[in-house]
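# Structural overview
If you want the building blocks of each chain, they are given just below.
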Amino acid sequence: GVRERAFVDRTFGIPLLTGSTLDVTTDDDLKHVSKVLTRNIVSETLQTNDILISSAGTVGKADFVHRNHEGRLASQDVIRIRPKSANPPPGYVYAFLMSQIARRLIANQPAGSVIVRVYEENLEALTVPRLPPSAEARIARMITASFDARADAKSLLATADAEFLSRSRLPRVPYERFSRHSIED
């Protein structure tokens, strides 16, 4: 069922990903939930190799946890796949789930009338096609390499931003004054 969340200031909370914020790269645009009042916080904290899939609204939006979402939580509108083994490699499973055929299979199984939803049972019904182990490992390495490059690029952007602020002597404006929505509106 729907979980109640106690939202708090970022200094007292843990960032919470939702289906619509899976592509957020910083905590600045995320809501934060209480570290004290959130149940099952240890088991629900995202870990490297978790695969995330939005299950409500825009169903099938996916992300892979590798140098990006570790330590965050995911809302009830995000299905978390936590591989029990490395066979098949988690990066390979993510690559399959991002493929056109898997996305169509996921999108064609939604339930719900007003709000479209996908349930874990829908994903469990998908069969991940198997390739020779060397091909699966190669695909998984490409996925993790792409996420490494994304994390390195994010770090370079943060360094460039800090150097710009330092050299320009412009004041840092608290990010809370802005949001993605104010820029897009």
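Residues numbered from 1 in each chain as written. Predicted model: local features only at pLDDT ≥ 70, side-chain atom pairs only at ≥ 80, totals over all residues. Heavy atoms only, no water.

### A closer look at the overall build of the protein
Stated precisely, the cut-off is as follows: Labels follow the DSSP assignment, with helices taken as runs of H or I lasting at least four residues and strands as runs of E lasting at least two, numbered in each case from the N terminus. Exposure classes here rest on a 1.4 Å probe applied to the protein chains alone. A residue is buried below 20% of its type maximum, exposed above 50%, and partly exposed in between. Any pair of residues with heavy atoms lying within 4.5 Å of one another is described as a contacting pair. Here the Shrake-Rupley method, with its probe set to 1.4 Å, supplies the accessible areas, and only the displayed protein chains count as covering residues.
Helix and strand counts for the protein come out as six helices and seven strands. Listed by position from the N terminus, the elements making up the protein come as β-β-β-α-β-β-β-β-α-α-α-α-α. Counting the 185 residues in the protein, one finds 34% classified as buried. For the protein, the proportion of contacts with a sequence separation of at least 24, taken over those separated by at least 6, is 68%. Counting every atom, the protein has about 11,700 Å² of accessible surface; 56% of that belongs to carbon and sulfur.

### Observations concerning the packing of helix H2 (residues 90-98) against helix H5 (residues 133-168)
Spelled out, the test is: To obtain each axis, a line is fitted to C-alpha atoms, and for helices this fit is confined to the stretch in contact; angles are then taken between N-to-C directions over 0 to 180 degrees. Our angle categories are set so that under 35 degrees counts as roughly parallel, over 145 as roughly antiparallel, 65 to 115 as roughly perpendicular, and the remainder as oblique. Just so you know the grouping, Ala, Val, Leu, Ile, Met, Phe, Trp, Tyr, Cys and Pro go in nonpolar, Asp, Glu, Lys and Arg go in charged, and all remaining residues, Gly too, go in polar.
Closest axis-to-axis distance for the H2/H5 pair is 7 Å, and the angle between their directions is 85°. If you check the angle between H2 and H5, you find them roughly perpendicular. For the pair formed by H2 and H5, the contact residues are Gly91, Tyr92, Tyr94 and Ala95 on the first element and Glu136, Ile139, Ala140, Ile143 and Phe147 on the second. Grouping the constituent residues of the contact of H2 with H5 by class yields seven nonpolar, one polar and one charged.

### Re the nonpolar core
Going by this rule: To form a nonpolar core, buried Ala, Val, Leu, Ile, Met, Phe, Trp, Tyr and Cys residues must be joined to one another through side-chain atoms within 4.5 Å.
In this structure, Ile51, Tyr94, Leu97 and Leu123 are the most contacted members of the largest nonpolar core, which totals 17 residues. Listing elements by their share of this core, those giving two or more residues are strand E4 (51-54), strand E5 (62-64), H2, helix H3 (100-107) and H5. Sorting elements by how many residues they give to this core places H2 first, with four residues. For Ile51, the residues in contact, after removing those within four places along its chain, are Asp63, Phe64, Ile79, Arg80, Ile81, Pro90, Val93, Tyr94 and Leu97.

### Describing the pairing of strand E3 (residues 31-34)
For the record, the criterion: What makes two strands pair is DSSP finding at least two bridges between them.
As paired elements, strand E1 (residues 7-8) and E3 share two bridges and run antiparallel to each other. In the strand pairing of E3, Phe7 is matched with Val33. Taken together, the four bridges between strand E2 (residues 13-17) and E3 define a ladder with antiparallel strand orientation. Looking at the pairing, Gly13 lines up with Ser34 of E3.

### Looking at the sheet that holds E4
Spatially, three strands are ordered E5-E4-E7 in an open sheet, and the strand pairing comes out antiparallel. On the outer flanks of this sheet lie E5 and strand E7 (78-81), each paired with one strand and no other. Sheet twist, expressed as the mean angle between neighbouring strand axes with direction ignored, is 20°. Here four bridges tie E4 to E7, and the two strands are oriented antiparallel to one another. Each bridged residue has a counterpart across the sheet, and for Ile53 the counterpart in E7 is Ile79.

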